[in-house]
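Architecture at a glance
What follows is the residue order along each chain.
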Amino acid sequence: MNSIDLASLNQRFALPGHVQFKEGPGGLAVAEIANAHATAMIALQGAHVMTYQPRGQAPVLWLSQYAKFAPGKSIRGGVPVCWPWFGPHPDDAGKPAHGFARTVLWEVLEASAAADGATRIRFGLVHTEATRAQWPHPSTAQLVVTVGADLRVELVTRNEGSAPFTLGEALHTYFHIGDVAGVAIRSLEGCDYLDKVNNFSRAKQQGAVVIESEVDRVYLNTQADCLIEDSGLKRRIRIAQQGSRSTVVWNPWIEKAEKMGDFGPEGHRGMVCVETANALENVVTVAPGAAHSMLAVISVEPLG
């Protein structure tokens, strides 16, 4: 995005002490947020929250130091938006995994400062002939990001057509952790999950989720707050969710991470994905004229 675009964005939406628009990594346009509570960086491509760091704390989101920043390429880390399907397209394997929202341009619709000092920015997905070819349903998608003492990410889908459609979605959040060996993920105990590593076999979670090999699971029919207990950084990350019935837990482990090329050596050790989602058996039907909202609220607490 060139300086004229950035100048226009700043003229319309910049807020001193809150948000300004800059050229970011790889030339991608970004919203840079800095307020009394936290800092964050959001790429307009994908409305992709790349970083979030409360003042005086370690980063909450993991962004790979080997991430590739280029037009049309998904960014490894942060909060990719999977929309309007999760995983492979249900009917057409030629369409991109996790939909197209994370690799296309979103526009800034609004930026504001909240009374508590948080910064709120609202994005709208820009539909094109290419996106309509993949998703012919008349609809809008908006992402509302609030950067404050916690991070709030809300994905709102509205059906503007005359027929219902089925929606799969996820906030594919990568969390920064001290070391994966020192992490336990709680509140999924007793939940059924589909294990993508084991040919989508169904199982029930026993105890906390610990990661000692590749993990790729879709936990079904769960709305509880997820807790990432991190002994290395001596903190607990809480992921509260609304409008979400699935939680996805993912770590590619050694071999798969090496094949991806944008994790780097040992990259899998410093991250875990705990995703707020509506996937597989929990996809959502959106009626004509109706809207569906999915919200993740991410906060940090001391461990102990």
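One can find the structure itself at the top, above this paragraph.
Notes on the structure follow. (Residues numbered from 1 in each chain as written. Predicted model: local features only at pLDDT ≥ 70, side-chain atom pairs only at ≥ 80, totals over all residues. Heavy atoms only, no water.)

Approximately 350 Å³ is the volume attributed to the largest pocket. Looking at the second largest pocket, it is lined by 18 residues, and the ones nearest its centre are Pro84, Trp85, Pro90, Thr166 and Gly168. For the lining of the second largest pocket, a count of residues per class yields 11 nonpolar, five polar and two charged. (1 Å grid on protein atoms, 1.4 Å probe; cavity = no way out; pocket = protein on both sides within 12 Å on 5 of 7 lines; lining within 4 Å. Points joined across faces, edges and corners; volume = space filled by probe spheres on them. Nonpolar A, V, L, I, M, F, W, Y, C, P; charged D, E, K, R; others polar.)

Looking now at the sheet that holds strand 22 (residues 291–302). By definition, the strands of a sheet pair up through backbone hydrogen bonds, in either a parallel or an antiparallel sense. The strand order across the open sheet formed by eight strands is 6-7-8-9-22-18-17-13, and the pairing between neighbours is antiparallel. At either margin of the open sheet sits one strand with a lone partner, and together these are strand 6 (106–113) and strand 13 (183–186). Adjacent strand axes in the sheet meet at a mean angle of 15 degrees when their direction is disregarded. Note that strand 13 and strand 17 (residues 226–230) share four bridges and pair antiparallel. The residue bridging Arg186 from the neighbouring strand is Leu227, located in strand 17. (Pairing = 2+ DSSP bridges. Helix = DSSP H or I, 4+ residues; strand = E, 2+ residues; numbered from the N terminus. Axes fitted to C-alpha atoms, helices over the stretch in contact; angles between N-to-C directions.)

Here we come to the pairing of strand 18 (residues 235–242). By the criterion of burial, strand 18 is predominantly enclosed, with six of the eight residues buried. Pairing of strand 17 with strand 18, which is carried by five bridges, proceeds in the antiparallel orientation. Directly across from Glu229, in strand 18, lies its bridge partner Arg236. Here strand 17 folds back onto strand 18 in antiparallel fashion, the turn holding four residues, of which Lys234 has a positive phi close to 55 degrees. Summarising the sheet, strand 18 and strand 22 pair through eight bridges and their orientation is antiparallel. Note that in strand 22 the partner of Gln242 across the bridge is Leu295. (Buried < 20%, exposed > 50% of the residue type's maximum accessible area, 1.4 Å probe, protein only.)

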